[in-house]
Amino acid sequence: MTYHQRDDLPNLYNDWFAGSGACVQCHGLDENGIFNVDGEGNDVNVVDDWKATLMANSAKDPFWKAKVSHEILSNPSHQSILEDKCTQCHAPMGNYNNVLNEIAPYTLAELAADSVALDGVSCLACHQQTAEDLGTVFSGELHFDTLFKAFGPYESPLISPMASATGYIPEYAEHIFDPGLCAGCHSLITETVDLSGEFTGDEFVEQATYHEWLNSAYNIGESLESTCQDCHMPIIDSPVQIANGYNTEPRSPYALHELVGANVFMLNMMKDNIDTLGLSASAAEFEEVAAKTLTMLESAIELEVFMADRNSDTAYFEVLVQNNAGHKFPSGFPSRRAFIEFVVLDENEDTLFASGITNDQGFIVNYDSDYEQHYDQIDSEEQAQVYELIMADVNDQPTTILERAKYALKDNRLPPKGFNDTHFAYDTCAIFGQALNDPNFNFEGGQGTGSDKINYWIPMNGYSGGMEVHVRFNYQAVPRKWLEDMFTYNSDEIDLFQYLFDEADHAPLTVQEDLLFIDPNHLQEPENLQIEIWPTLSSDGQFIVNNLGAHTLEKAAIYNSAGQMIEDIELLNIPRQEIRLEGEKGVYLIVLYTRETQLLKRIVLTD
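Residues numbered from 1 in each chain as written. Predicted model: local features only at pLDDT ≥ 70, side-chain atom pairs only at ≥ 80, totals over all residues. Heavy atoms only, no water.

### Let's talk about the overall build of the protein chain
When its secondary structure is counted, the protein chain shows 16 helices and 26 strands. For a compact globule of 607 residues, the expected C-alpha radius of gyration is about 25 Å, and the protein chain comes in at 26 Å, within 12% of that figure. Expressed along its principal axes, the backbone C-alpha trace of the protein chain runs to roughly 80 × 60 × 45 Å. Summarising the internal contacts of the protein chain: among those between residues at least 6 apart in sequence, 65% fall at separations of at least 24. Here the protein chain has roughly 26,400 Å² of accessible surface; of this, 48% comes from carbon and sulfur atoms. Charge-centre separation for the protein chain: the mean point of 30 positive side chains lies 2 Å from the mean point of 98 negative side chains. (Helix = DSSP H or I, 4+ residues; strand = E, 2+ residues; numbered from the N terminus. Rg over C-alpha atoms; globule rule 2.2 N^0.38 Å. Contact = heavy atoms within 4.5 Å. Areas by Shrake-Rupley, 256 points an atom, 1.4 Å probe, with all protein chains shown as cover. Lys, Arg positive; Asp, Glu negative; His and termini not counted. Charge placed at Lys NZ, Arg CZ, Asp CG, Glu CD.)

Shown next as structure tokens:
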């Protein structure tokens, strides 16, 4: 048997934890394709799925290191407190080695020399956690087993090989399925300081992804029941032999350790700077995780644009955005923001209106100098709908220094379905700002839609020709504006990150997009037309046109998302006929022509 050894993964131990190099010999790639593969022979080993994730690289993340430095330079007397707190989640196997040895605090200098800690949120950072206080303690408070047990999802594990090879005893534990396993790090409360660094006695919820999930329809007992693990560790039913070289009973179901989040930007930065940052994963592995991350982001959001009315003065549009994630979008670290890009072009493809566009540095054009308010209606290019958390200091000014955060000036990040202000966890994940006054935000006949409808009133100034409406839901995990204060300071960590950031691609990530064509008659669907296209999403390009009314079908014109007509099809005037679309996946528009009118339909070609 040939095992896939990884010299770049730490096969080292401290007093209480082991690095991932101790696990790879059994749970890594089997080059003979027998173990750690699914029923079709696809490699599904946990180590390779994990090693290019931000979890694996949490202790080497250059943004995190720069931000810790920023916090320390803002409040130098708090250095030991900050370093100890921040390493609890980003380097738990180093920090908690000190805790269990009753040594405190843990420092960044210790981390730099600690190979086990530099393994980030490694195997035992999760599998050595006990069930004690799961889901009730946060801000990096974790509880680890001290009898060298490794908790797993399968009953009756084979003990002797793992115990002899690593010193750890595998043990079935039901709490490994509990979302509370994630809660300790994915809800963080900070203590507020004033501008002099003095503690005020206030607290601020810096992030509360776990509580957002609690206050959702995805929580246990609700109609969309789904846990953190269900989404971030997808289950396959195919039995898998999980230990190289040991003919144990194949295990099913099997959780893929993909652990993807929402930060394609940092994954690409890491991919481009592997040697500089001392990372273990390859460029191809980072690319794979980035692709999976984008797929997850795309599945989290639905976006549609509709035309409500038009006259010589104004065109009225509605944009509907739906959050399908089990928590807010965006969630997690407060730098993250999403925004609507809304652009209207005339028949000559000249811009009639543009809101939420960005320049080459990633800045939103016309973004307010402090922050953009939440809007129910947008009628000016000076306005843009931005979903974000804006923190305020003791002087009521926006801040990006986490210790100075006292309260939220704005939090209109899209809540999950089922989110309600009467839920017991609402106080840790509340909505703030003008979104509270928006009748279309998380509300339609009641709370919990997880959606927002934005009304765009576009000045026509007498223009009556055709239009193209391009709408994108864009996302920035690390926008340059959020870094402006950090970049006024200098340290090795900040200077390195600023260099890497300046070299990176700052174009926002488009998560979803929609396109609407408006001819001079603005293609309003007549009542009782009774023509439909089914399905609206197709993987093979086959769509059925059903003519249920008395109108005479003549032809169909198909346009791609760039507004180019790619096919002109003559239709038969029969009740049911097939249209076949060949092309790349994406959004397409079909204009159906009848003898009496025209009808616009949106279809999507999927993988």
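Don't stop here, the text continues.
### Section: the state of the cysteines
Across all of its chains, the model carries 1 disulfide by this definition. Covalent S-S linkage joins Cys89 and Cys185, the inter-sulfur distance amounting to 2.4 Å. Judged by the sign of its S-S torsion, about -100°, the cystine formed by Cys89 and Cys185 is left-handed. With Cys89 in helix H4 (residues 79-90) and Cys185 in helix H9 (residues 180-186), this pair connects stretches of sequence that are 96 residues apart. Left without a disulfide partner, Cys26 is nearest to the cysteine sulfur of Cys23, which lies 9.1 Å away. Cys228 supplies the cysteine sulfur nearest to Cys231, a cysteine that is in no disulfide, at a spacing of 8.4 Å. (Disulfide = S-S within 2.5 Å.)

### Describing the packing of aromatic side chains
Tallied over the full model, the rule gives 22 aromatic pairs. Linked through ring pairs, Phe63, Phe265, Phe333, Trp482, Phe487, Phe497 and Phe501 together constitute an aromatic cluster. A cation sits over an aromatic face here: Arg337 above Tyr367, 5.2 Å from the ring centre. Taking NZ or CZ as reference, Lys555 lies 4.9 Å from the ring centre of Tyr593, over its face. (Phe/Tyr/Trp six-rings, centres within 6.5 Å; stacked < 30°, edge-to-face > 60°. Lys NZ or Arg CZ within 6 Å of the ring centre and 35° of its normal.)

### A word on the sheet that holds strand S25 (residues 586-594)
Pairing is mixed across the open sheet formed by 5 strands, whose spatial order is S20-S26-S25-S22-S23. At either end of the open sheet lies a strand with only one pairing partner, and these are strand S20 (537-538) and strand S23 (565-570). (Pairing = 2+ DSSP bridges.)

### Remarks on the pattern of salt bridges
Side chains carrying opposite charge are able to pair once their charged atoms draw close together. Throughout the structure, instances matching the rule amount to 18 salt bridges. A salt bridge links Asp49 to Lys292; the shortest N-O distance between them is 3.6 Å. Pair noted here: Asp49 is in helix H2 (residues 46-50) and Lys292 is in helix H14 (residues 283-300), with a separation of 243 residues, a long-range link. Of the charged contacts in the structure, one is a salt bridge between Asp502 and Arg480, with a shortest N-O distance of 3.2 Å. In this pair, Asp502 sits in helix H16 (residues 492-503) while Arg480 sits in helix H15 (residues 480-483), placing the two residues 22 residues apart along the sequence. For Arg480, a relative accessible area of 15% translates into the label buried. When salt bridges that share partners are traced, they join Asp49, Glu258, Glu288 and Lys292 into one network. (Salt bridge = Lys/Arg side-chain N within 4 Å of Asp/Glu carboxyl O. Buried < 20%, exposed > 50% of the residue type's maximum accessible area, 1.4 Å probe, protein only.)

### Considerations on the packing of H4 against helix H5 (residues 92-100)
Orientation of H4 relative to H5, taken along the N-to-C sense of each, is 120°, at an axis distance of 6 Å. As judged from the angle between their axes, H4 and H5 are oblique. Contact residues: H4 offers Asp84, Thr87, Gln88, Cys89 and His90, while H5 offers Pro92, Asn95 and Tyr96. Along the lines of polarity and charge, the residues of the contact of H4 with H5 split into 3 nonpolar, 4 polar and 1 charged. (Axes fitted to C-alpha atoms, helices over the stretch in contact; angles between N-to-C directions. Parallel < 35°, antiparallel > 145°, perpendicular 65-115°, else oblique. Nonpolar A, V, L, I, M, F, W, Y, C, P; charged D, E, K, R; others polar.)

### Thoughts on the nonpolar core
Phe317, Phe329, Phe342, Tyr456, Phe473 and Phe497 are the most contacted members of the largest nonpolar core, which totals 86 residues. Looking at this core, the element that brings in the most residues is helix H12 (residues 264-272), giving 6 residues. Listed in part, the 17 residues of the second largest apolar core include Ile579, Leu581, Ile590 and Leu605. (Core = buried A, V, L, I, M, F, W, Y, C linked by side-chain atoms within 4.5 Å.)

None of this, on its own, says anything about what the molecule does.
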